[in-house]
Amino acid sequence: MSRAVADLNWRGDSGSLLIRGARVLDPRKGLDESRDVVVKQGRIAELAAPGEAELPEGAELIEAAGLVAMPAFFDPHVHLRQIGEEYKEDLETGTRAAAAGGFCGVVAMANTDPATDEPETVAAMREQADREASVPTGFVGTVTVGMRGEELTEMAAMRAAGALGFSDDGLPITSARVMRRALQYQHLVGGNILLHEEDPELSGDGVMGEGVVSAALGLAGVPDVSESTMIARDAALCLHEDARAHVQHLSARRSVEAIEVAKQRGAAITAELTPHHLVLTDEEVRSLDARFKMNPPLRSEDDRQALIEALRSGTVDCIGTDHAPHATHQKEVPFEQALMGVIGLETAFPVLYTALVEPGIVELETIIERMTAGAALFDLEIPTIAPDAEANITLIDLEAEWEAGADGWESRSSNSCFTGWKLRSRPAATIVAGSVAYRQRAFRMGAVA
Ligand SMILES: [Zn+2]
Ligand SMILES: [Zn+2]
């Protein structure tokens, strides 16, 4: 049984709208034509011939000729840093960044400070999102107490408090015994377990991907098998326990192969890719600029090609940004000392469009499908543009040109690995349940009826 995205916690309400004259593009519905989209009280009432729909009572008119209306994106993997690190980001700034990136929903990770490892914390976060979040926000609880990888949290009670699932993201679950127990509980309580796959014994003190570049720079590398062996272990455990899990941020060809094998064997496993792993390689690290330091690390061109192929084929189910804000003083230090992670919500679609769609490497339709599919990990309705569907719609100007970071960021942090990129395409407005969660400053909208 699926729930609507807007059932997650946010401060908005459903609204009524008429989006006039947009090119409506929803690959899941085989839809690509000019339409007027009529939205009443949060739901799509009608897809009318252009110019023919009447403005519903009290509805806002959006003149959208020249824009593409597509299902709004859903990010299954963000770090909002609340509670404990609000100097980097919080619910308000992080979800504003999400809305500006065309996302109608996000799922916040639990590696807060302290970790979100109790049902009361999950409940408190949801209440806070009701007051502060620009877009619907879901929360996961940690798998283990304090993310120490030893003792399971009260998973059933966290589910009852509204946790969408569980994750120790930021850290792997090293113990196979603990992982097995967690999967047994997942089978009982539902939700999903999101996995940061890494074997600390193999990663050692690596600070970048292991390969030609790490050897040339003399930096300690993280081998790809650090990720792929853990995926193989957990896929076997998932099958054994008839449990469900989701592998976050694949970085390597061998990881893609491990996912392929797991799916062939019938494991209930899904997988995710980030925009930065799809468009950048470890060559960037030659600059020793810590904006290119993340976990998992950037890898070789061969790995990147395997990720692109997995995106195309559907071996990888969805895109997640792993939006990970850090303060400047934590990034503008020698590479080895810098914290790992990059922000990504505001650039995700434009980067993928500029680097993969415009050059003809990946179809626009595929990007839209993978950027919306993350909702299904949590049994939420995948955003779609069809009568009766909840009106979660992003209006995108595919012709827009802008420089990433030139006007600053909605996020409180600026650790983007795309700063200075000349990007093509930009979200002009993001609509959640028929109400406008974001509009780009240059985008003038029509009058209210
Ligand atoms: Zn991670
Ligand atoms: Zn993460």
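Up top you'll find the structure we're talking about.
Because the structure is a prediction, the values reported are computed rather than measured.

Q: Describe unusual backbone geometry, listing the residues and the values that go with them.
A: Of all residues except glycine, most have a negative phi; of all peptide bonds, most are trans. The omega torsion across Asp113 and Pro114 is 0°, close enough to zero to call that bond cis. Inspection of the secondary structure puts Pro114 in the loop between strand S7 (103-108) and helix H2 (119-132). Cis rather than trans, the peptide bond between Asn295 and Pro296 has omega equal to 0°. Here Pro296 is to be found in the loop between helix H9 (275-279) and helix H10 (301-313). Phi is positive for Asp322, which is not a glycine, with a value near 50°. Locating Asp322 in the fold gives a position in the loop between strand S15 (318-319) and helix H11 (328-331). At Ser425, a residue that is not glycine, the phi angle is positive and equals roughly 90°. Relative to the assigned elements, Ser425 resides in strand S17 (residues 422-432).

Q: Summarise the layout of surface pockets; cite the residues concerned and give the values.
A: Looking at the largest pocket, its volume works out to about 550 Å³. In this structure, the largest pocket is lined by 31 residues; those nearest its centre are Asn111, Gly170, His196, Asn295 and Met340. In the lining of the largest pocket, the residues fall into 10 nonpolar, 13 polar and eight charged. The volume enclosed by the second largest pocket comes to roughly 290 Å³. Partitioned by chemical class, the residues of the lining of the second largest pocket number eight nonpolar, four polar and nine charged.

Q: Requested: an account of the packing of aromatic side chains, with residues and values cited.
A: Taken as a whole and assessed by the stated rule, the structure comprises five aromatic pairs. Their ring planes at 50° and their centres at 6.4 Å tell us that Phe74 and Phe378 sit as a pair that is tilted. Taken as a pair, Phe74 in strand S6 (residues 73-78) and Phe378 in the loop between helix H13 (364-372) and strand S16 (393-403) lie far apart in primary sequence, 304 residues in all. Residue classification places Phe74 among the buried positions, given a relative accessible area of 0%. Judged by centre distance (5.8 Å) and plane angle (20°), the rings of Phe349 and Tyr353 are stacked. Here Tyr353 and Phe349 lie together in helix H12 (residues 348-357), a separation of four residues that amounts to about one turn. The exposure classification of Phe349 matches that of Tyr353, with both residues buried. Taken together, the aromatic side chains of Phe73, Phe103, Phe349 and Tyr353 make up a single cluster linked through ring pairs.

Q: Help me get a handle on the coordination of the zinc ion (ligand 2), residues and values and all.
A: For the zinc ion (ligand 2), the full set of protein donor atoms is His77 (NE2), His79 (NE2), Asp169 (OD) and Asp322 (OD), at a range of 2.0 to 2.2 Å. Every donor counted, the four donor atoms about the zinc ion (ligand 2) form angles of 84 to 167° at the centre, which fits irregular coordination. In the primary sequence, the donor residues of the zinc ion (ligand 2) line up as H-x1-H-x89-D-x152-D. A separation of 3.6 Å is found between the zinc ion (ligand 2) and the zinc ion (ligand 1), which are bridged by Asp169. Here His77, found in strand S6, pairs with Asp169, found in the loop between strand S9 (165-167) and helix H4 (176-189); they are 92 residues apart in sequence, far enough to count as distant. On the accessibility criterion, Asp169 (3% relative accessible area) is buried.

Definitions and limits used
- Residues numbered from 1 in each chain as written.
- Chains lettered and ligands numbered in written order.
- Predicted model: local features only at pLDDT ≥ 70, side-chain atom pairs only at ≥ 80, totals over all residues.
- Heavy atoms only, no water.
- Helix = DSSP H or I, 4+ residues; strand = E, 2+ residues; numbered from the N terminus.
- 1 Å grid on protein atoms, 1.4 Å probe; cavity = no way out; pocket = protein on both sides within 12 Å on 5 of 7 lines; lining within 4 Å.
- Points joined across faces, edges and corners; volume = space filled by probe spheres on them.
- Nonpolar A, V, L, I, M, F, W, Y, C, P; charged D, E, K, R; others polar.
- Phe/Tyr/Trp six-rings, centres within 6.5 Å; stacked < 30°, edge-to-face > 60°.
- Buried < 20%, exposed > 50% of the residue type's maximum accessible area, 1.4 Å probe, protein only.
- Donors = N, O, S within 2.8 Å, 3.2 Å for Na, K, Ca; no water.
- Tetrahedral: all angles 85-135°; square planar, octahedral: opposite > 155°, others 65-115°.

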